[in-house]
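Given next are the chains, with one letter for each unit.
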Amino acid sequence: MTSRMREWADFSTEADGHGAATLSFKGPLLVSTVGLVERRVRSLDEPLARVDLSAVPAIDTVGAWLAWRLSRDTGAEITGASDEAKRLIEAVSKSTGEGAIHPERPPLLERVPLGVGKLVIGWGQGVVGVLGFIGSMILAFGAVIRHPHRFRTKALVRQIELVGISGLGIIGLMSFLIGIVIAQQGAVQLQQFGAEMLTVNLTGRIAMRELGILMTAIMVAGRSGSAFAAQIGTMKLTEEIDAMRTIGVSPMEALVIPRVLAAMFMMILLGFFASIVAIVGGAVISQFQLDIPVFTFLRRIKEVVPVHDLWVGLIKAPVFGLIIAVCGCYQGMQVKGSSEEVGLRTTMAVVQAIFMVIVLDAFFAVFFTKVNWG
């Protein structure tokens, strides 16, 4: 490229004595040189009679567009243009750009059915995808049962550590505080009727039957469900899962089954642990608010909490763990395209897991009431 071609474009204006002016461009009008000139030309407010291109040694489509638009907006005549400039100006003048930048928005009566239809179709496709994923997971379980040597024990132990042991601290603290809240708020209401001793019943049954398992499931969904989706999604994005299939390793057996088993097993232990810690929290606050000694509170728990409340929590725990693991692994397997998809799928995994856990908890509440375990 010559030194002339590397010069920046410029312009000058000269009045013609008739209340108008001639704008003369100088230097090459190229995409790499017209940036500053274009902004300055936009700020001109004086009327123009001519746009002179005689001092322009080189021009491209961007420069031709700038000159033509200036002529169009001011009514000025273009003079001194070379044959190349004339051809480019004629070409860009035919590109009127009158199309709508945004598509026309359909009317309300059309938008609503369209939106509902897309939502229903999306749900249907999601249900089909989840059922297919569960089917693949069941086949992988069957393959592992037929060939036990393919079971990845180390991966299971690692996931048990991540799902369960690493979460003991936060789940214990959350459960302790929830127990305090249940006992304190229950005591405030029951004291109005002189029945503050029933705080033990309230705390024990709610913690053992409902909130201990439910809050644990929500915490595991936030911690482990999101981790499952992010880990598998990243592996999908970096084509590690494709590489596993290429070398004959089943991603279901290597990635999904250890996570599902770890979530199901650890939800039982974490749910029981959370229930016990919540009861301890209720006992501690009762010591200060109701003058009920801690050990008296705990002995009373044995009398007022039926054994089937413990079984209700233990039955729900593995089901919740299965739902959380399936949502996390399924959404991770759906990642494709870009890293933004990892964040989107991780969010969807947590939301879906928590939603399904709450729906199933409501189902279990009705079911156990019908079988006289209420």
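Here is a short report on the structure shown in this document. The shown structure was predicted, so the numbers you read here are calculated from the model rather than taken from an experiment.

## With respect to the side chain of serine 71
Part 1 of the reasoning: Positionally, serine 71 belongs in helix H2 (residues 61-74).
Part 2 of the reasoning: There is a polar contact of 2.5 Å between the side chain of serine 71 and the backbone oxygen of alanine 76.
Part 3 of the reasoning: Ignoring any residue separated from it by four or fewer positions in sequence, one finds serine 71 in contact with Ala76 and Ile78.

## Here's the deal with the sheet that holds strand E4 (residues 77-79)
Part 1 of the reasoning: Across the sheet, which stays open at both edges, the 4 strands sit in the order E1-E2-E3-E4 with mixed pairing between neighbours. The outermost strands of the open sheet, each flanked by one partner alone, are strand E1 (10-15) and E4. For this sheet, the mean inter-axis angle between neighbouring strands, taken without regard to orientation, is 20°.
Part 2 of the reasoning: Lying over the sheet, H2 contacts strand E2 (21-26), strand E3 (48-55) and E4, oriented at roughly 165° with respect to E3.

## Re the packing of aromatic side chains
Geometrically, a pair of aromatic rings is defined through the distance of the ring centres and the angle of the planes.
Part 1 of the reasoning: Using the criterion set out here, one finds 8 aromatic pairs in the structure.
Part 2 of the reasoning: The interplanar angle of 70° and the centroid separation of 5.7 Å between the aromatic rings of phenylalanine 133 and tyrosine 330 together place this pair among those described as edge-to-face. Of this pair, phenylalanine 133 sits in helix H4 (residues 108-146) while tyrosine 330 sits in helix H11 (residues 307-333), and the two are 197 residues apart along the sequence. Taken individually, phenylalanine 133 and tyrosine 330 each receive the classification buried, so the pair is uniform in this respect.
Part 3 of the reasoning: The interplanar angle of 65° and the centroid separation of 6.3 Å between the aromatic rings of phenylalanine 320 and phenylalanine 364 together place this pair among those described as edge-to-face. Of this pair, phenylalanine 320 sits in helix H11 while phenylalanine 364 sits in helix H12 (residues 339-370); the two residues are 44 residues apart in sequence, bridging distant segments of the chain. Take phenylalanine 320 and phenylalanine 364: they sit in the same class, and that class is buried.

## Examining a nonpolar patch on the surface
Part 1 of the reasoning: Taken together, Leu108, Val112, Val116 and Val120 make up a surface patch of nonpolar side chains, about 350 Å² in accessible area.
Part 2 of the reasoning: Within the element layout of this structure, leucine 108 appears in helix H4.
Part 3 of the reasoning: With a relative accessible area of 53%, leucine 108 lands in the exposed category.

## Remarks on the environment of valine 305
Part 1 of the reasoning: Mapped onto the fold, valine 305 is located in the loop between helix H10 (294-304) and H11.
Part 2 of the reasoning: A residue is classified by how much of its surface remains accessible, and valine 305, at 14% relative accessible area, is buried.
Part 3 of the reasoning: Sequence spacing of valine 305 and glycine 204 is 101 residues, and the spatial spacing of their C-alpha atoms is 6.2 Å.
Part 4 of the reasoning: With residues near it in sequence (within four places) discarded, valine 305 still touches Gly204, Arg205 and Met208.

## So, the pattern of salt bridges
When their charged atoms lie close together, side chains carrying opposite charge are able to pair.
Part 1 of the reasoning: If you walk through the whole model with that rule in mind, you get 12 salt bridges.
Part 2 of the reasoning: One salt bridge in this structure joins lysine 316 and glutamate 210, with 3.3 Å as the shortest N-O distance. Taken together, the positions of lysine 316 in helix H11 and glutamate 210 in helix H7 (residues 199-237) put the pair 106 residues apart, joining distant regions of the chain.
Part 3 of the reasoning: Notably, a salt bridge pairs arginine 245 with aspartate 242, separated by 3.5 Å at the nearest N-O pair. With a gap of 3 residues between them, arginine 245 and aspartate 242 both fall in helix H8 (residues 240-246), about one helical turn apart.
Part 4 of the reasoning: Accessibility expressed as a relative area gives 36% for aspartate 242, which makes it partly exposed.

## Concerning the state of the cysteines
Part 1 of the reasoning: For the structure shown, the criterion picks out 0 disulfides.
Part 2 of the reasoning: Cysteine 327 takes part in no disulfide bond, and the closest cysteine sulfur, belonging to cysteine 329, lies 9.7 Å away.

## Structural notes on helix H6 (residues 168-190)
Part 1 of the reasoning: Between its first and last C-alpha, H6 extends 32 Å over 23 residues, near the 33 Å set by a 1.5 Å rise per residue.
Part 2 of the reasoning: Of all the positions in H6, only Ile171, Gly172, Met174, Ser175, Ile178, Gly179, Ile182, Ala183, Gly186, Ala187 and Leu190 are classed as buried.
Part 3 of the reasoning: For H6, the elements touching its buried residues are H7 and helix H9 (251-289).

## Some remarks on the packing of H4 against H9
Part 1 of the reasoning: Close contact between H4 and H9 brings their axes to 10 Å; oriented N to C, the two are set at 95°. The angle between the axes of H4 and H9 places the two elements in the roughly perpendicular class. Of the residues in H9, those in contact with Phe133, Ser136, Met137, Ala140, Phe141, Ala143 and Val144 of H4 are Met252, Glu253, Val256, Ile257, Val260 and Leu261.
Part 2 of the reasoning: Of the residues that constitute the contact of H4 with H9, the class distribution is 11 nonpolar, 1 polar and 1 charged.

## Observations concerning the environment of glycine 132
Part 1 of the reasoning: By the secondary structure assignment, glycine 132 is in helix H4.
Part 2 of the reasoning: Overall, the relative accessible area of 39% leaves glycine 132 in the partly exposed class.
Part 3 of the reasoning: Taking C-alpha positions, glycine 132 is 9.9 Å from tyrosine 330, a pair spaced 198 residues apart along the chain.

## Notes on H9
Part 1 of the reasoning: With 39 residues, H9 extends 54 Å from end C-alpha to end C-alpha; this agrees with the ideal 57 Å at 1.5 Å per step.
Part 2 of the reasoning: Of all the bends in H9, the greatest, near 30°, is centred on isoleucine 257, and the proline proline 258 appears no more than four residues after it.
Part 3 of the reasoning: In the stretch just after H9, aspartate 291 is the one whose phi turns positive, near 60°.

## Let's talk about the environment of alanine 15
Part 1 of the reasoning: Here alanine 15 lies in strand E1.
Part 2 of the reasoning: You can call alanine 15 exposed: its relative accessible area is 65%.
Part 3 of the reasoning: Residues alanine 15 and valine 357 lie 342 residues apart in sequence; the distance between their C-alpha atoms is 78 Å.
Part 4 of the reasoning: With residues up to four places along the chain from it excluded, the contact list for alanine 15 reads Ala20 and Ala21.

Quick notes on the rules
Residues numbered from 1 in each chain as written. Predicted model: local features only at pLDDT ≥ 70, side-chain atom pairs only at ≥ 80, totals over all residues. Heavy atoms only, no water. Helix = DSSP H or I, 4+ residues; strand = E, 2+ residues; numbered from the N terminus. Polar contact = N/O pair within 3.5 Å; in protein donor to acceptor, adjacent residues only side chain to side chain. Contact = heavy atoms within 4.5 Å. Pairing = 2+ DSSP bridges. Axes fitted to C-alpha atoms, helices over the stretch in contact; angles between N-to-C directions. Phe/Tyr/Trp six-rings, centres within 6.5 Å; stacked < 30°, edge-to-face > 60°. Buried < 20%, exposed > 50% of the residue type's maximum accessible area, 1.4 Å probe, protein only. Patch = residues over 30% accessible without salt bridge, like charges linked within 9 Å, V, L, I, M, F, W, Y side chains within 5 Å. Areas by Shrake-Rupley, 256 points an atom, 1.4 Å probe, with all protein chains shown as cover. Salt bridge = Lys/Arg side-chain N within 4 Å of Asp/Glu carboxyl O. Disulfide = S-S within 2.5 Å. Expected span 1.5 Å × (residues − 1). Parallel < 35°, antiparallel > 145°, perpendicular 65-115°, else oblique. Nonpolar A, V, L, I, M, F, W, Y, C, P; charged D, E, K, R; others polar. Bend = angle between axes of the 7 residues up to and from the residue.

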